[in-house]
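Residue-level structural notes
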Amino acid sequence: MQPISQLEAQLQNTHLQLQAIDAQQKALYRVISKIRGSLDLDMIFRTTTKETCKLLRVDRIAVYRFSDDWGGEFVSDFEFAEPGWDFGRFEDNTVWNDSYLQEHQGARYRNNECLTVSDVYTAGLSQCHLDILVQFHIRAYATVPIFIGQKLWGVLAAYQHSQPHEWQQQEIQFLSQVATQLGFAVKQAELMAQTERKAEDLRVAKEQQEILSNLIAEIRESLDLKILFKTTTREVRKALRTDRVGIFQFHDSLYNSGEFVAENVLPEYDSAIGVKVNDHCFGSEYATKYLQGAVLAISDIHQAGLKDCYLEVLEQFQIKAQIVVPLIKGDTLWGLLCVHQCRHPRIWQSAEITFIKQLAVQFSVALSHTELLAQSHSKTKQLDRALQELKLANEKLEELSNIDSLTQISNRRFFDTTIENEWQRLTRTTNNLSLILFDVDYFKAYNDYYGHPSGDKCLLEIAGAAKSVVKRFTDVLARYGGEEFAVILPDTDKAGAIKIAEQIREAIKKLKIPHNSTPIDPSYVTISLGIASLIPTNSQSVHNLISQADKALYQAKKLGRDTWVCADSVASIIED
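Here, residues in each chain are numbered from 1, in the same order as that chain's written sequence. The predicted origin of the model limits local features to residues at a pLDDT of at least 70 and limits the giving and counting of side-chain atom pairs to 80 or more, whereas totals for whole chains, interfaces and linings rest on all residues. Side-chain numbers here rest on the full set of heavy atoms in the structure, without hydrogens or water.

Let's shift gears to the overall build of the protein chain. Working definition: helices are DSSP H or I runs of at least four residues, strands are E runs of at least two. Numbering for both runs from the N terminus. Within the protein chain, the secondary structure is distributed over 17 helices and 18 strands. Relative accessibility thresholds used throughout: buried, under 20% of the residue-type maximum; exposed, over 50%; partly exposed, between the two (1.4 Å probe, protein chains only). Burial analysis of the protein chain (576 residues in total) assigns 45% to the buried set. For the protein chain, long-range pairs separated by at least 24 residues make up 64% of all intrachain contacts whose partners lie at least 6 apart in sequence. Note that accessible areas follow from Shrake-Rupley with a 1.4 Å probe, and for residues the cover is restricted to the protein chains shown. When the accessible surface of the protein chain is summed, it comes to about 30,300 Å², and 51% of that surface belongs to carbon and sulfur atoms. Only heavy atoms enter the contact rule, under which two residues are in contact if any of them lie within 4.5 Å.

This is the structure we're talking about:
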């Protein structure tokens, strides 16, 4: 039989382990809250790696991102290391292409497996692998995959440089849970970036379409080519943000000579107006192609393989990149619409080329004004519909950012915004703002006894039951944090809030969710509730309301749980 002192020591050790697990879970909730509270990917990773490094008490947390060929790199912006260590050549982005990972396309990480090494010198690693680890002063490490949906995005890695480290199961579990949340954050950021890119593309397209519509109207209303050319070159240069837009007219039927008859150019570049151009290369090499409707888009004239005679003409006008579109009059090549980039080479986008081609057609086919105008109106309507769809998508994305992913009710971010707005609104009235805070009694014991998946299911059922009570459109049910929930009740006095609180308590009791690890009899899941109600004034803040509800919730816990306490009752109990 073991001595009492030894049993006490074992008991104390178990107690400390449970405290550590509890602290780690609370820390995880804090980290997850920070991840979900932002859409800034850089800030999410910087904050998460720093928090994780300190919570696991390791020397370093780093993020490895896979490339398309299954090579990859450590992203320095997504890394945190304790001060005082020389980590070798970890610079801006440290490439570390592991041939095994490349050959097996992510290897074990694709199967959502973790890897832990307590001491690199005793783990039986290959010498080439060991040499890489030693190069970065790595003595022990634990790595877990980061997934975006079903796609392996990267690896979250914990490193110990100072000494070996025996990795505990709860440490790996913690690291995996953080990696899962980072995957969600990357996915959300990618969706937001795609939405923003689409919005910008549509904005530019709409702007160009409006310019095109206006120019078509001018073509239809005016036969004065000088005015038309002046307007066209100005609007095109503004739309494409380029250095020069010019209209070139040929002088002879062989297309060997001509001059720019209109342009709009930035003041730092030479004007091309009136400069006679004689280029026998053009007539023999390019004219036929332009007559057939060819469009020339060159991103860098010195890399395009142009003949010297043509290159000399372009250099004469300081051109580094250009788009050239033919202007056809009947069966002849009347001239060219030219877009020049003079400051530096430029990669032209397909939308820009399409825009110039559409514009050139307006000069070339005067008889098709009506048809082209109808097409322009149709495209404008399509863009308007697309912008409306984009607006709806943005609204949906904003809605999703305010929803708790587990319980599908409002999240803490939406709660904070809403209660502040309601407080400010009600300061202009004499109506009450009421708040109910409630959480699940003995929920940690429930998680320990039934496991976290069952705990998540329990929270989901509780949220559903509470939602069935909170029916007014203006009321808000939110997940406040962990197993704690909140109900915002605008224009509701204390009596009304008490009624709602009691209904929520009864609705959750009726669920009869078994809880065999609670001292409450019968052994079902229950909740405790704190109620506060104030008439908002400018001399107070919403924090007074939250603080009162929190103290009332604490008092409900002290009174034995499965009950509610109102804030003014708290003061009476304390005085007694």
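Positive phi is not limited to glycine here, since R241 has a value of about 50°. Mapped onto the fold, R241 is located in the loop between α6 (225-240) and β8 (244-250). We classify R241 as exposed; its relative accessible area is 56%. A positive phi angle is found at D491, which is not glycine, with a value near 55°. Inspection of the secondary structure puts D491 in the loop between β16 (484-490) and α15 (494-511).

To continue, consider the pairing of strand β9 (residues 257-265). Consecutive side chains along a regular strand alternate between the two faces of the sheet. Two strands form a pair only when DSSP identifies at least two bridges running between them. Judged from the 7 bridges that link them, β8 and β9 form a sheet pairing that is antiparallel. Looking at β9, one finds that I247 is bridged to A262. Pairing geometry for β9 and strand β10 (residues 276-278), over 3 bridges, is antiparallel. The residue of β10 that forms the bridge with S257 is N278.

As a further point, take the pattern of salt bridges. Within this document, salt bridges are pairs made up of a side-chain nitrogen of Lys or Arg and a carboxyl oxygen of Asp or Glu, the two lying within 4 Å of each other. This structure, assessed with the given rule, holds 21 salt bridges. When the shortest N-O distance is used, the salt bridge between K238 and E235 registers 3.3 Å. Of this pair, K238 and E235 both sit in helix α6, separated by 3 residues, roughly a single helical turn. For E235, a relative accessible area of 16% translates into the label buried. A salt bridge links R505 to E506; the nearest nitrogen and oxygen atoms lie 2.9 Å apart. Owing to a relative accessible area of 31%, E506 belongs among the partly exposed residues under this scheme.

Here the focus is the confidence of the model for the protein chain. As a per-residue quantity, pLDDT reports the predictor's confidence and falls between 0 and 100. Within the protein chain, residue pLDDT values average 81, and 79% of them lie at 70 or more. The low-confidence segment residues 366-374, where pLDDT is below 50, has 9 contacts with residues more than four positions distant or belonging to other chains. Across residues 571-576 the pLDDT falls below 50, and counting only partners more than four positions away or on other chains, this stretch makes 2 contacts in the model.

So, about α15. Because each turn of an α-helix spans 3.6 residues, side chains separated by three or four positions in sequence point in the same direction. Given a rise of 1.5 Å per residue, 18 residues ought to cover 26 Å, and the 26 Å separating the end C-alpha atoms of α15 matches this to within 8%. Tucked into the core, α15 has its buried residues touching β14 (433-440), α14 (452-469), β16 and β17 (527-534). Count one or two residues on from α15 and you reach K512, which has phi positive near 50°. In this scheme, a helix's expected span is set at 1.5 Å multiplied by one less than its residue total.

Bringing the sheet that holds β9 into the picture now. If you walk across this open sheet you meet the 6 strands as β10-β9-β8-β13-β12-β11, and the pairing is antiparallel. Each of the sheet's edge strands pairs with one partner strand only, and the pair in question is β10 and β11 (296-298). The average angle at which neighbouring strand axes cross in this sheet is 25°, direction not considered. Relative to strand β12 (residues 321-329), β11 runs antiparallel, the two being bridged by 3 bridges. Note on method: axes are straight lines fitted to C-alpha atoms, helices fitted across the in-contact stretch only, with angles between N-to-C directions ranging 0 to 180 degrees.

On to the packing of helix α12 (residues 412-426) against helix α16 (residues 542-558). When two helices pack together, their arrangement is given by the angle between the helix axes and the distance between those axes. Relative to each other, α12 and α16 sit at 120°, their axes nearing to 9 Å. In terms of orientation, α12 and α16 fall into the oblique class. In this structure, α12 uses F415, I419, E420 and W423 to contact α16, whose residues at the interface are V542, L545 and I546. Gly falls in the polar group here, along with every residue not listed as nonpolar (Ala, Val, Leu, Ile, Met, Phe, Trp, Tyr, Cys, Pro) or charged (Asp, Glu, Lys, Arg). Residue composition of the contact of α12 with α16, by class: 6 nonpolar, no polar and 1 charged. Between 65 and 115 degrees an angle is taken as roughly perpendicular, under 35 as roughly parallel, over 145 as roughly antiparallel, and anywhere else as oblique.

In this section: the nonpolar core. Only buried Ala, Val, Leu, Ile, Met, Phe, Trp, Tyr and Cys residues count toward a nonpolar core, and they belong to the same one when joined by side-chain atoms within 4.5 Å. Core analysis: the biggest nonpolar cluster contains 30 residues, and I436, F438, I462, V487 and I504 have the highest contact counts within it. Of all the secondary structure elements, the ones that give two or more residues to this core are β14, α13 (443-450), α14, β16, α15 and β17. Per element, the largest residue contribution to this core is 7 residues, and it comes from α14. Residues contacting I504, with those up to four places away along its chain left out, are F438, A466, V469, V470, V487, I527 and L529. With 25 residues, the next largest nonpolar core counts I44, V58, F174 and L182 among its residues.

What follows covers the side chain of S257. In this fold, S257 is placed in strand β9. Exposure remark for S257: the relative accessible area of 17% places this residue in the buried category. Setting aside chain neighbours within four positions, we find S257 in contact with F250, H251, D252, V277 and N278.

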